[in-house]
Structure formats: C-alpha cells, structure tokens
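Commentary on secondary and tertiary structure
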Amino acid sequence: MRAERIKADRRILCVFPRYTSAFGTFENSYPLTDGVKAFMPPQGLLLIAAYLPENWQVRFVDENLAPASNKDFEWAQAVFVSGMHIQRTQMNDICRRAHAFDLPVAIGGPSVSACPEHYPSFDYLHVGELGDATDELIARLASDTSRPDRQVVLKTRDRLAMTEFPIPAYELADIRKYMLGSIQYSSGCPYQCEFCDIPGLYGRNPRLKTPEQIIAEIERLRACGMKDTVYFVDDNFIGNRKAALDLLPHLIEWQKKNGYVMRFACEATLNIAKRAEILEKMREAFFVTVFCGIETPDPDALKAMHKDHNMMVPILEGVKTINSYGMEVVSGIIMGLDTDKPGTADALLSFIDESRIPLLTINLLQALPKTPLWDRLERENRLVNDDDSRDSNVKFLMPYDEVVGSWKRTMEFAYDPKKLFDRFEYQCEYTFRNRIKVPLTPERKSWANIRRGLIMLRNIFWKVGVLGDYRRVFWKFALRRLRRGDVEGLIASVVVAHHLIVFARAASSGRQNASNYSFRLRGAQVPAE
C-alpha cells in the first residue's frame, strides 16, 4: 500500500548520502566489474519513495553514484535523507545544501532514530519505522512546504505492518550500477546481544513480509536490471525459523521457473548450522553466502556478550556444516572486548587459518546507542564521546594503542594475498562444489552474459594480473581455476579479494577506520551547518 492520495501535488527529492570508504563498501572492487559504482540500493529511502502519495513526484539520487545537482534542488519542494552513523557528516552536508535553496529537509533511518540529537539542523526528524510518523510528515508537507520555525520531531508509535509495505521504488534507482540487489524480509531479532542495537530499534519479535511480497520484489529487481545476487538485509534471516521455512519453497519455485538466474545471500546466527532442514532448502533456493556474526572464537567472550547461541554447535564445525551446503560463510569479528587478553589476537589468527573463511569483517568494539553495552559502559564511565581521533568510543580494559595495534596486525595477516587466495581456493574446491548444478539457460549463455564475463576477465587480468603488485599470487590462483574451467569461481573470488587486500593495506597503515560503526570519518570532510 501507499499513503492516501492527497489533493496537493508535491515534488520530493530523496537523497542517499555517500559512504566514507569502509570495509563493507567494496569500492576497490568496482574497477574490476562491468560498470558497478555502488554496493547496494538503499532500502529505506526507496521504500519511503514508494509509500508517498501516487500523485506526488519523486526523484531519487544516490550520491555514491553521483551528487545531487543544483537542478535537483531547484526542482524539489522538500528533501528526504536517510542513512547510518558513518554517513552522519554527509547527511548534514545534504541538509546544508538543501537549506541553501530554502528547502525543508526531513531525515529518517537508523542513525537519527538512535541519536536524534546528532541532527540539530534538520527541519523534520523521523524517528522510528514506517508508520504514523510518516503519515504525519506527509500531511505537514501537503499543507505547507516552507521550513518550520523550529525543528519538528515525529516519532512512530503505530508501525505499518510489513505485510502492507509497498515494493521499494527500485525503478527510481539505476539498479545495474549496484554490486548487489537488496531485499528486506523481516524487522527485529529475538536475541539480545549486548553490542547490537537491532532489538532496541526494531524489537525482539520479528515482523515479516509475506512470501508473495518477496517474490514480487525479486521480480521488480530483475525487471530493473539486477542480474546477479540479491542480499536479504535482515539482521537474522532465521529470526523466525518457521517463517523462513515457509518462504524458502517460494524461492525454490521461482528459481526453477526462471532458470536460477539469481543468487541469494543473507545474514543469520551461527546456530543455523543446527537446522539441516533450513540449510537444505537454502541450498536448493541457491543461497551462496551467509553472513554469521561469529564475533569471537572465545566462549567466555560469547557468554559475556550474551551470544550463547553461537555455542550451540562448535564454531568451526558450524562453519564447515554451512560450507557443506554450498554456502560460503562471511564472519563478523569484534576486537577490544572486555574479555580480550594479550593472547587474544594470536588465537584469532589461528581461527582465521582453521576456519578458512575468506571474508571477515574485523571491527574494534564500538558502543552504539540503544544497546545494553552502551548502558553498561555509561554506568562504568567508559564511553568516550568527545574525541573524534579515536577509532572506538570505548575505554578498553587493555591499553588503547595495544588494541588498535592488534587490529592492524590481524588485518595485515588475514588479508595477506597468499593467505587470502589460499582460503578462496578452499572455497572453490570444497564449498562451491557443494552447490546445486544450475541449468545452462538461454539467458546464462546469452551474448550479453558472456560479454559481461569477458569484460570482468579483461579488467581482472589487466588491473590485477598485469598492474597488481601481488600478481604472482594471483596468477597461481587464476591458472588453477582456469585449468578446472572455473571462470565463475575465478571472477567471484578475485573481485572480492582485491578490495580486501587494498583495504587491509590501508588499515594496517592507519588510513582506515578500525570500526564500520565508528563516528570517526576519514577522507574528505564536508561541513555541517
């Protein structure tokens, strides 16, 4: 559904802020692709764009692709912005630019919902999910598009049921320029990990879309140009296991009907390894990647952070089980925990080798508002909120420089080119071979698809195999894959590996944030009001 039709016509400019270079943006991979310029289309703004009254004109700009122009602001009557903490400076800059045209600016999304005090310049703060606050914002703009005399804070108290969510307005975005498609299936998570803000923001009882909605969204993404992988951005795909089991047969049926033209990826707790009935259906639906918040291989640390469910199965056994269903594991890792000891980094390095996980998002602990961790550290006077030079806002129990030094050493070790390609070799030889054999459909063997692969091979061979300084390691990996006829494994591995290697080198030399959640922004700073 969408908001009720309103007599007044309006022109709304939705602007998504650019990301500061980060581990999870994969910008170093884009030159190896066939034209990718950004990671994933933003769900929030595209959902709001689809919800606005049908007679309202909406324009969407993702500044990761191109900045909003003066003509965009001249066209608009109001501006909507959304984003995460790491985009805070860029969001404030969009507000400043919009105010230069005397436009009212509304901000929504996870950052303002957690920290409304960080956005004093915005005219409207939309705190919470889609619901009555959204309707009130629409009504206010329908009545008057001039800037209010003072900031207006609108808080969602009655959330719109996800079964009534419209399909995000993917047609407003240039979907072909994104590395992955994105779909939200659920909201909320039943677990209460100490560091996580999801239960505080979205609740512990997952709210769900219907399988029919998900299929319709996949169809829309495909119609808009997404040809590869769709990522379920839910924080826990199996937060409601029964619902996941209900959804998967629909995905399987769609894949069979369409010749397995899409790959799927998701986030899930590691205890998914205990659910063979779910893993088997995920394999049949062609899920290829599962992000698991492993956080640490230390059982004492898991217990302290209230992530005991990670110990329902031995971690290495759980990873191997997921791999046996053809799904590569991506792992979240946290350093700087209260339970860390001088030998923690060495134990983590051993875990990286033993698990053979290629991609690990290794972050320093960051306390986020609306989390039990924030509340505890605030009581203990261990929050550092007035020093933007730090990579974390936590006063660690170990010396700060020692923790940061361990993080840099771990990044350097994990993403040493030889070690990384050895782990990808294992994935190609073991994990990828456990995937279902998809049919060679006319679309898969079309000239357009072949041309796409040839462009990526050309870019990889030139930028990595000729110009790259780790080309000897690359060619050993590439030639093994080519001898086995595994062009797909070659491309998929190298595109990801190149970003990880480049980013890790910057990280180990201190030129990147040690946390994807840090308020510290590197690179060019843009001024807030």
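Residues numbered from 1 in each chain as written. Predicted model: local features only at pLDDT ≥ 70, side-chain atom pairs only at ≥ 80, totals over all residues. Heavy atoms only, no water.

**A closer look at the overall build of the protein**
- Within the protein, the regular secondary structure consists of 18 helices and 14 strands.
- Computed over the C-alpha atoms, the radius of gyration of the protein is 23 Å, within 12% of the 24 Å expected from 2.2 N^0.38 for a compact globule of 529 residues.
- Principal axes of the C-alpha set define a box for the protein whose edges measure 65 × 60 × 50 Å.
- The proportion of buried residues among the 529 residues of the protein is 58%.
- Looking at the protein alone, contacts between residues at least 24 apart form 79% of all its contacts between residues at least 6 apart.
- Total accessible area on the protein is roughly 22,200 Å²; 50% of this is exposed by carbon and sulfur atoms. (Helix = DSSP H or I, 4+ residues; strand = E, 2+ residues; numbered from the N terminus. Rg over C-alpha atoms; globule rule 2.2 N^0.38 Å. Buried < 20%, exposed > 50% of the residue type's maximum accessible area, 1.4 Å probe, protein only. Contact = heavy atoms within 4.5 Å. Areas by Shrake-Rupley, 256 points an atom, 1.4 Å probe, with all protein chains shown as cover.)

**With respect to empty space enclosed by the protein**
- Under the criterion given, the structure shown has three cavities of 30 Å³ or more.
- Computed from the structure, the largest cavity encloses a volume of approximately 80 Å³.
- What lines the largest cavity is Met335, Gly336, Asp340, Lys341, Pro342, Thr344, Ala345, Met398, Glu402, Val403 and Ser406.
- For the lining of the largest cavity, the elements supplying multiple residues, two or more each, are helix 12 (344-355) and helix 14 (400-414). (1 Å grid on protein atoms, 1.4 Å probe; cavity = no way out; pocket = protein on both sides within 12 Å on 5 of 7 lines; lining within 4 Å. Points joined across faces, edges and corners; volume = space filled by probe spheres on them.)

**Brief notes about the nonpolar core**
- Counting residues in each nonpolar core, the largest one holds 143 residues, and the members touching the most others are Phe80, Phe232, Phe237, Leu251 and Phe287.
- Top element by residues in this core is helix 18 (residues 487-508). It accounts for 11 residues.
- Look past the residues within four positions of Phe232 in its chain and what remains in contact with it is Ile183, Tyr185, Ile214, Phe237, Leu247, Leu251, Phe264, Ala265, Cys266, Glu267 and Phe287.
- Ranked by size, the runner-up nonpolar core spans 21 residues in total, among them Trp75, Val79, Met91 and Leu125. (Core = buried A, V, L, I, M, F, W, Y, C linked by side-chain atoms within 4.5 Å.)

**Some thoughts on helix 3 (residues 88-99)**
- Look at helix 3: 17 Å from first C-alpha to last across 12 residues, which is about the 16 Å you get at 1.5 Å a residue.
- Counted residue by residue, helix 3 has 10 buried out of 12 residues, so it is predominantly covered.
- In this structure, the buried side of helix 3 is in contact with strand 1 (11-16), helix 2 (70-75), strand 3 (78-82), strand 4 (105-108) and helix 4 (110-114). (Expected span 1.5 Å × (residues − 1).)

**With respect to the packing of aromatic side chains**
- What the rule picks out here adds up to 20 aromatic pairs.
- Aromatic side chains Phe23 and Tyr415 sit 5.9 Å apart centroid to centroid with 50 degrees between the ring planes, which places their arrangement in the tilted category. Here Phe23, found in the loop between strand 1 and helix 1 (43-51), pairs with Tyr415, found in the loop between helix 14 and helix 15 (417-431); they are 392 residues apart in sequence, far enough to count as distant.
- Using a relative accessible area of 2% as the deciding quantity, one classes Tyr415 as buried.
- Centre to centre, the rings of Phe23 and Phe503 are 5.4 Å apart; their planes meet at 90 degrees, and the pair counts as edge-to-face. Remark: Phe503 occurs in helix 18 and Phe23 occurs in the loop between strand 1 and helix 1; sequence separation between them is 480 residues. Here Phe23 matches Phe503 in class, with each residue buried.
- Through successive ring pairs, a cluster of aromatic residues spans Tyr185, Phe232, Phe237, Phe264 and Phe287.
- Just above the ring of Trp75 sits the side chain of Arg59; from NZ or CZ to the centre is 4.3 Å. (Phe/Tyr/Trp six-rings, centres within 6.5 Å; stacked < 30°, edge-to-face > 60°. Lys NZ or Arg CZ within 6 Å of the ring centre and 35° of its normal.)

**Details of the sheet that holds strand 6 (residues 152-155)**
- As summarised here, the arrangement of the six strands in space is 2-1-3-4-5-6, forming an open sheet in which the pairing is parallel. Edge positions in the sheet fall to strand 2 (57-62) and strand 6, since each has one partner strand and no second. Shown here is a sheet whose adjacent strand axes are inclined to one another by a mean of 20 degrees, direction ignored.
- As defined by bridge partners, strand 4 adjoins strand 5 (residues 124-127) across two bridges and the pair is classed as parallel. Residue pairing across strands places Ala106 opposite Tyr124, the latter belonging to strand 5.
- Where helix 3 meets the sheet, it contacts strand 1, strand 3 and strand 4, and its direction lies at approximately 175 degrees from that of strand 3.
- Sitting on the sheet, helix 5 (residues 132-143) touches strand 1, strand 3, strand 4, strand 5 and strand 6, and the angle it makes with strand 6 is about 145 degrees. (Pairing = 2+ DSSP bridges. Axes fitted to C-alpha atoms, helices over the stretch in contact; angles between N-to-C directions.)

**Points about the sheet that holds strand 14 (residues 360-364)**
- With parallel pairing, the six strands of this open sheet are ordered in space as 7-10-11-12-13-14. The sheet is open, and its two edges are formed by strand 7 (181-183) and strand 14, each paired on a single side. Averaged over neighbouring strand pairs, the angle between their axes works out to 20 degrees when direction is ignored.
- Looking at chain direction, strand 10 (residues 229-232) and strand 11 (residues 263-267) are connected through four bridges and run parallel. Each bridged residue has a counterpart across the sheet, and for Thr229 the counterpart in strand 11 is Arg263.
- Helix 14 rests against strand 13 (328-335) and strand 14 of the sheet, and its axis sits at about 170 degrees to strand 14.

**With respect to helix 18**
- With 22 residues, helix 18 should cover 32 Å at 1.5 Å per step; its first-to-last C-alpha distance of 31 Å lies within 8% of that length.
- Burial runs high along helix 18: 16 of the 22 residues are buried.
- The positive-phi residue at the C-terminal boundary of helix 18 is Gly510, with phi of around 85 degrees.

**Quick word on the pairing of strand 10**
- Both faces of strand 10 are covered, namely the face carrying Thr229 and Tyr231 and the face carrying Val230 and Phe232.
- As defined by bridge partners, strand 7 adjoins strand 10 across three bridges and the pair is classed as parallel. By the bridge assignment, Gly181 is partnered in strand 10 with Val230.
- Regarding the hand of the β-α-β motif, the stretch spanning strand 10, helix 8 (residues 241-258) and strand 11 is right-handed. (Right-handed = clockwise from strand over helix to strand, strands pointing away.)

**Digging into the pattern of salt bridges**
- Under the defined criterion, the tally for this structure stands at 37 salt bridges.
- Two residues, Arg97 and Asp93, come together in a salt bridge whose shortest N-O distance is 3.0 Å. Within this pair, Arg97 and its partner Asp93 are both found in helix 3, separated by four residues, close to a single helical turn.
- On the accessibility criterion, Asp93 (8% relative accessible area) is buried. (Salt bridge = Lys/Arg side-chain N within 4 Å of Asp/Glu carboxyl O.)

**Here we look at the state of the cysteines**
- Under the definition given, this model contains zero disulfides.
- Free of any disulfide, Cys95 has its nearest neighbouring cysteine sulfur in Cys14, separated by 15 Å.
- Cys196 supplies the cysteine sulfur nearest to Cys193, a cysteine that is in no disulfide, at a spacing of 6.1 Å. (Disulfide = S-S within 2.5 Å.)

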